[in-house]
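One-letter residues, chain by chain:
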Amino acid sequence: MKKLLTYFMQGLVLVAPIVITIYIVFLIFDFIDGILRHQLELWFGYMIPGLGLLLIFAMITFLGFVGQSIVARPFKALGHHLLKKAPLLQVIYSSLADLFSAFVGKEKKFNQPVLVEINKENKLWKIGFVTQKSMAEIGMEGLVAVYFPHSYNFSGELYMIVSSAIKPLEMPPSEAMKFVVSGGVTRVNETGLSAK
C-alpha cells in the first residue's frame, strides 16, 4: 500500500504541473476569446473558436502601431488632461501603466537581477531586481530601489537599500524571476547564480 501511494505521489508530481498549466492557459484563452464571442456569433451565426482572440490581438497590435504615430499624440494629451481632473483614476491608471511598461514596455524595469545582503551576521541573501538606480529625488541619497518578488505568488515588496549591499547577478532576468517565484525550486544553470 505504501508503494502504491509513492507511485501515486510521483505521478501527481509529473502530471499536476502539466494539467494545471494547460487549465490556466485554457481559462485565459476562453476568457479573452469570450469577450467577443456573443457579437461574433450574431455576425456569423455560429461560433468560431479562437476568432475572438485573434481579433483582440489584431486590435491591440493596431492600437500599438497607431499609439506610436503623431496622430495619437493629441488623444494622449487629452487623456492625460482628463485623468488630472480625476486624481483617483490618475493614480490607478499611472500605476497600471508603469507596471505594464516595466514588464513589456521600452523601459523594462525588471531586467537587472541582484543579490542583496539582508543580514551580514548570518550571511542572509535575497534575490531582487533594481527598479531605480538612485533615490536621490526623494531625499534618499546612496540608496537604490530593489523589488523582491514573493515565491509562489505574483506580488512582492520594495526596499530602499544601500548600493554597496547589492551584487548584480549574471543571469537572464526571466530566469531570476522564475527562480524566485518558484521558491528556489526551479533549477538554474551552473553559471546562473554567479554574482559579478
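Our structure's up above, just so we're on the same page.
Sequence positions are assigned chain by chain, starting from 1 and proceeding in written order. For a predicted model such as this one, the threshold for reporting local features is a pLDDT of at least 70, and the threshold for listing and counting side-chain atom pairs is 80 or more; totals across whole chains, interfaces and linings nevertheless cover every residue. Hydrogens and waters are ignored; side-chain quantities use all the structure's heavy atoms.

**Considering the overall build of the chain**
For clarity, the cut-off: Each helix is a run of DSSP H or I of at least 4 residues and each strand a run of E of at least 2, with the numbering of both proceeding from the N terminus. What sets the accessible areas is the Shrake-Rupley method with a 1.4 Å probe; for residues, cover comes only from the shown protein chains.
Of the regular secondary structure elements, the chain holds 6 helices and 5 strands. Listing each helix as α and each strand as β along the chain from the N terminus yields α-α-α-α-α-β-β-β-β-β-α. Carbon and sulfur atoms form 68% of the exposed surface of the chain, whose accessible area is close to 15,100 Å².

**What to know about helix α3 (residues 51-67)**
Put simply, the rule is: Multiplying 1.5 Å by the residue count of a helix minus one yields the expected span of that helix. To sort residues, take the accessible area from a 1.4 Å probe on protein chains only and compare it with the maximum for the residue type: under 20% means buried, over 50% means exposed, and anything in between is partly exposed. Arc definition: directions from the helix axis to the C-beta atoms. In what follows, residue pairs with any heavy atoms lying within 4.5 Å of each other are defined as contacts.
Under the 1.5 Å per step criterion, the end-to-end length of α3 is 24 Å for 17 residues, consistent within 8% with the ideal 24 Å. Of all the residues in α3, the buried ones are Gly-52, Ile-56 and Gly-67. For α3, the angular spread of the buried residues around the axis is 40 degrees, confining them to a single face. Those residues of α3 that are exposed and aimed more than 90 degrees away from the buried face are Leu-54, Phe-57, Phe-62 and Phe-65. On its buried side, α3 packs onto α1 (2-34), α2 (37-44) and α4 (73-85).

**Points about the pairing of strand β1 (residues 113-119)**
Rule in force here: Pairing between strands is defined by DSSP: at least two bridges between them are needed.
Relative to strand β2 (residues 124-132), β1 runs antiparallel, the two sharing 6 bridges. Paired with Leu-115 across the two strands is Ile-127, which belongs to β2. Linking β1 back to β2 in an antiparallel pair, the connection comprises 4 residues, with Lys-123 at a positive phi of about 50 degrees. As paired elements, β1 and strand β5 (residues 166-168) share 3 bridges and run antiparallel to each other. Looking across to β5, one finds that Leu-115 is bridged to Lys-167.

As far as function goes, none of this settles anything; it's purely spatial.
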